[in-house]
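In case you want the letters, here they are:
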Amino acid sequence: MQDLAGPALLTLGLVAIGGYLLGSIPFGVILTRAAGAGDVRNIGSGNIGATNVLRTGRKDLAIATLILDAGKGAVALLIARHLFGSEAVGAIAGGAAFLGHLFPVWLGFKGGKGVATFFGLILAACWPLGLLAAATWLIMAFALRYSSLSALAAAALTPLYALLPLPALGLPAPAPILVLAVFTAVLIFIRHHENIGRLLKGAEPKIGAKKA
């Protein structure tokens, strides 16, 4: 058993490192610089995600950032799951990619808030679960017009959706996917602590609101 444990742990370590490095790719920074739109970290909130990229006035760059940030988490999970035939290994790779986006080594561990990467991960892990999370965001955003609150609601409810007894939709989700949903939800809440503070004070800007 000990002879097998060493290589297994090494493999999992390499999977986690690979996922983290993929997740660390700061597409928002790369795209805005390449397009001559400046450093997105010096614009608006300073965040590297699609919402802040949109503040450059380039919708095309924001859409590309959104797709790529979502895709890197999904790709990490899908490749690991395919290579090792394991939900657990896929979840480790996806979780590591999520950490990479939040704390990218290339940017001094100062990354995004993880919403796009979260949705990409959950869709890749269990597409019905991802659709439920996306529907939650859309309903909340339409009803209340708070992007941050919509993301927080989707993240909080996804682990509960993962427990639903709906075998026709592949639910309840496998244990590794449930753990991944909880892990990412906790980190999203941590990364949105400033937004939560503004929401509690009634100072969070709404979607489409113009600055005074």
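Rules of the game
- Residues numbered from 1 in each chain as written.
- Predicted model: local features only at pLDDT ≥ 70, side-chain atom pairs only at ≥ 80, totals over all residues.
- Heavy atoms only, no water.
- Helix = DSSP H or I, 4+ residues; strand = E, 2+ residues; numbered from the N terminus.
- Buried < 20%, exposed > 50% of the residue type's maximum accessible area, 1.4 Å probe, protein only.
- Salt bridge = Lys/Arg side-chain N within 4 Å of Asp/Glu carboxyl O.
- Contact = heavy atoms within 4.5 Å.
- Phe/Tyr/Trp six-rings, centres within 6.5 Å; stacked < 30°, edge-to-face > 60°.
- UniProt positions renumbered as here; feature names shortened; annotations may be inferred.
- Axes fitted to C-alpha atoms, helices over the stretch in contact; angles between N-to-C directions.
- Parallel < 35°, antiparallel > 145°, perpendicular 65-115°, else oblique.
- Nonpolar A, V, L, I, M, F, W, Y, C, P; charged D, E, K, R; others polar.

## With respect to unusual backbone geometry
Then, number 1: In this model, Leu171 is joined to Pro172 through a cis peptide bond whose omega is 5 degrees.
Then, number 2: For Pro172, the position within the fold is in the loop between helix 8 (147-161) and helix 9 (175-191).
Then, number 3: At Phe109, a residue that is not glycine, the phi angle is positive and equals roughly 65 degrees.
Then, number 4: As for its placement among the helices and strands, Phe109 is situated in the loop between helix 5 (87-102) and helix 6 (115-125).
Then, number 5: Residue class for Phe109 comes out partly exposed when judged on its relative accessible area of 48%.
Then, number 6: Unusually for a residue other than glycine, Arg145 sits at a positive phi of about 65 degrees.
Then, number 7: Take Arg145: it is sitting in the loop between helix 7 (127-144) and helix 8.

## Quick word on the pattern of salt bridges
Then, number 1: If you walk through the whole model with that rule in mind, you get six salt bridges.
Then, number 2: Linking Asp39 and Arg41 is a salt bridge whose minimum nitrogen-to-oxygen distance equals 2.8 Å.
Then, number 3: Classification of Asp39 as buried rests on a relative accessible area of 14%.
Then, number 4: Linked by salt bridges that have partners in common, Arg33, Asp39 and Arg41 make up one network.

## Quick notes on the side chain of Asp69
Then, number 1: Within the secondary structure, Asp69 sits in helix 4 (residues 59-84).
Then, number 2: A relative accessible area of 3% places Asp69 in the buried class.
Then, number 3: Excluding anything up to four places from it in sequence, Asp69 contacts Phe27, Ile48, Gly49, His101, Ala116 and Thr117.

## A closer look at the packing of aromatic side chains
Then, number 1: This model, assessed by the stated rule, comprises one aromatic pair.
Then, number 2: Geometrically, the ring pair formed by Phe118 and Phe119 is edge-to-face, given 5.2 Å between the ring centres and 65 degrees between the ring planes.

## Side note on the UniProt feature "transmembrane region" (unreviewed entry) in the chain
Then, number 1: As annotated by UniProt and renumbered to match this structure, "transmembrane region" (unreviewed entry) occupies residues 6-31, 88-109, 115-139, 146-164 and 170-190.
Then, number 2: A distance of 40 Å separates the end C-alpha atoms of residues 6-31, which is 88% helix and 0% strand.

## Some details on the packing of helix 5 against helix 9
Then, number 1: Between helix 5 and helix 9, whose axes approach to 9 Å, the crossing angle comes to 10 degrees. What the angle tells us is that helix 5 and helix 9 run roughly parallel. Judged by residue contacts, Glu87, Ala88, Ala91, Gly94, Gly95, Phe98, Leu99 and Leu102 of helix 5 engage Pro176, Ile177, Leu180, Phe183, Thr184, Leu187, Ile188 and Arg191 from helix 9.
Then, number 2: When its residues are assigned to classes, the contact of helix 5 with helix 9 shows 11 nonpolar, three polar and two charged.

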